[in-house]
Amino acid sequence: MVEQPAFGRRLRQLRIERGLTQGALAGDGMSTGYLSRLESGARQPTERALAHLASQLGVSTDELEESTASSLARSLTIATGLGADETGELLSGALATAEGEDPLLRWQALWRVAGWRRHRKEYAEQRACLDELTTLSDQLGLPELQARALAELARCLRSTSEVPAAVDTALAAHRLAKDNALAPYVMANVLLAVVSALAEAGRLPEASRHTDELLSLVEGRSDTLWAEALWTAASIRLRQGEPAAAAELLGEAVRGFDGRNNPTLWTRLRISAAKLNLETTPPDTEAAHRRVEEVQASLPLAGTPAIEQELLSLRAHLAMQTGRTAEARAMLDQLDHLDPLLPYQHRIELDVLRNRLLLQDGARDEAIAGLRGLAEQAQGNGNMALAAEIWRLLAESLAHDTPRPPRA
């Protein structure tokens, strides 16, 4: 008798390696529902099922029943020609069954699966990968791998609103990179995590100093690392009250980054530029609208569920700024019915927008209570920059509604 769930993982890996869907593997001799339960480990295969699957996969039943660990080297090689989702599925299955493999191969597989999980906004699964990755990096004793793993863990912690932990982790990565004089591209990646975490913790002076260091490291580049550095620096300048400097940095990234290298980043840069247009005084809604049209046109190439939610969120904010409150509400309702893929800060920003709409509707007490709760939540999570912004909005709302004293 085969062992479950090991058999299911092996079956799933063999199917993915051959580029088969569940329907193609099941064929006429098996239902896809039954195959799905086999792969999940919920059912034990019959002899007839084993024979059918072996025939479909082009292996013997003995090979199919083997419970030997999968080869990470083989899986990593096969993954070279696969897309992101196929690679993630393949390596995730291989990691679950691999035993006694070269730790460097395991590190490579974990790194790629963690990136896949981040792309899918599966932060709990990403965190599990990164926890193992940091432990493995420490065991290997290679400073470059340790610094990279810590920086990626810091980004994950920031995405789940664990800001103090993100700061500590990012700074630990920075110390490692500095003490071991790691390569500029490693240091730049570490600094991206450091600057973002410090900014969300409200430690702007420190974030600004590291931003200058980051920009000097990417000078002369035009790749993904360069674009992300300019984008991050723009967010710091904006928080420092320098919108013109922020617009210049982000504009340079938008103009200079070749979207063929990373269509998703190309699209997100334009979403960020549109948000910056809405945060200027007065808001430049026409420029934001043009960016929205650019992003909309890019969706066939760069569209992902997360990008689509970011765009819908942006359109809701634009509708609010242009007085189309009914459209803004409709878009927020649409977002409420989707699986949330936006990071913590973006979700809070949408909740702030909901309360601003309540203020417009005259539901002042409900809106004030909602904003106060959001500010306290952000503050409790250590996201001091976001908390300060919500407190500022709350103070403005209260001042606007305060009755003026009667004239003498």
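Computed from a predicted model, the values in this text were never measured in an experiment.

Caption draft 1: Molecular detail of the side chain of Ser75. Looking at the secondary structure, you find Ser75 in helix 6 (residues 72–79). Setting aside residues up to four positions removed in sequence, Ser75 forms contacts with Gln13, Glu17, Leu90, Leu91 and Ala94.

Caption draft 2: Structural detail: the nonpolar core. Core analysis: the largest hydrophobic core is formed by 71 residues, its most contacted members being Leu72, Val167, Val190, Leu214, Val218 and Leu269. Element by element, the count of residues in this core is highest for helix 12 (residues 184–200), at 12 residues. Apart from residues no more than four positions distant in its own chain, Val218 is found in contact with Ala188, Leu225, Trp226 and Ala229. Core analysis: the second largest hydrophobic core is formed by 17 residues, Phe7, Ala26, Ala54 and Leu57 among them.

Caption draft 3: Local environment of the state of the cysteines. This structure, assessed with the given rule, holds 0 disulfides. No disulfide involves Cys129; its nearest neighbouring cysteine sulfur is the one of Cys156, lying 9.7 Å away. A relative accessible area of 10% places Cys129 in the buried class.

Caption draft 4: Examining the domain arrangement of the protein more closely. For the protein, the domain assignment lists domain 1 (5–65), domain 2 (220–319) and domain 3 (343–400). Distance between the C-alpha centres of domain 2 and domain 3: 24 Å. A buried area of about 520 Å², summed over both sides, lies between domain 2 and domain 3, and 54% of it is on carbon and sulfur atoms. Three residues, Arg239, Lys275 and His317, lead the burial of domain 2 against domain 3; their summed loss comes to 66% of the area buried on that side. Where domain 2 packs against domain 3, one counts 1 salt bridge. For the salt bridge of Glu349 with Lys275, the shortest nitrogen-to-oxygen distance reads 3.4 Å. It is helix 18 (residues 305–321) that contributes the most residues to the side of domain 2 that touches domain 3, 4 residues altogether.

Caption draft 5: Broad picture of the packing of helix 7 (residues 84–97) against helix 8 (residues 103–119). Contact geometry for helix 7 and helix 8: axes closest at 9 Å, N-to-C directions at 135 degrees. Relative to helix 8, the element helix 7 lies oblique. The crossing of helix 7 and helix 8 is left-handed. Across the interface between the two elements, Ala84, Asp85, Thr87, Gly88, Glu89, Leu91, Ser92 and Leu95 of helix 7 pack against Arg106, Ala109, Leu110, Arg112, Val113, Trp116 and Arg117 of helix 8. Broken down by class, the residue content of the contact of helix 7 with helix 8 amounts to 7 nonpolar, 3 polar and 5 charged.

The rules behind each value
- Residues numbered from 1 in each chain as written.
- Predicted model: local features only at pLDDT ≥ 70, side-chain atom pairs only at ≥ 80, totals over all residues.
- Heavy atoms only, no water.
- Helix = DSSP H or I, 4+ residues; strand = E, 2+ residues; numbered from the N terminus.
- Contact = heavy atoms within 4.5 Å.
- Core = buried A, V, L, I, M, F, W, Y, C linked by side-chain atoms within 4.5 Å.
- Buried < 20%, exposed > 50% of the residue type's maximum accessible area, 1.4 Å probe, protein only.
- Disulfide = S-S within 2.5 Å.
- Domains from an automatic or database assignment.
- Buried area = accessible area lost by both parts, 1.4 Å probe.
- Salt bridge = Lys/Arg side-chain N within 4 Å of Asp/Glu carboxyl O.
- Axes fitted to C-alpha atoms, helices over the stretch in contact; angles between N-to-C directions.
- Parallel < 35°, antiparallel > 145°, perpendicular 65-115°, else oblique.
- Left-handed = near helix turned anticlockwise from the far one by under 90°.
- Nonpolar A, V, L, I, M, F, W, Y, C, P; charged D, E, K, R; others polar.

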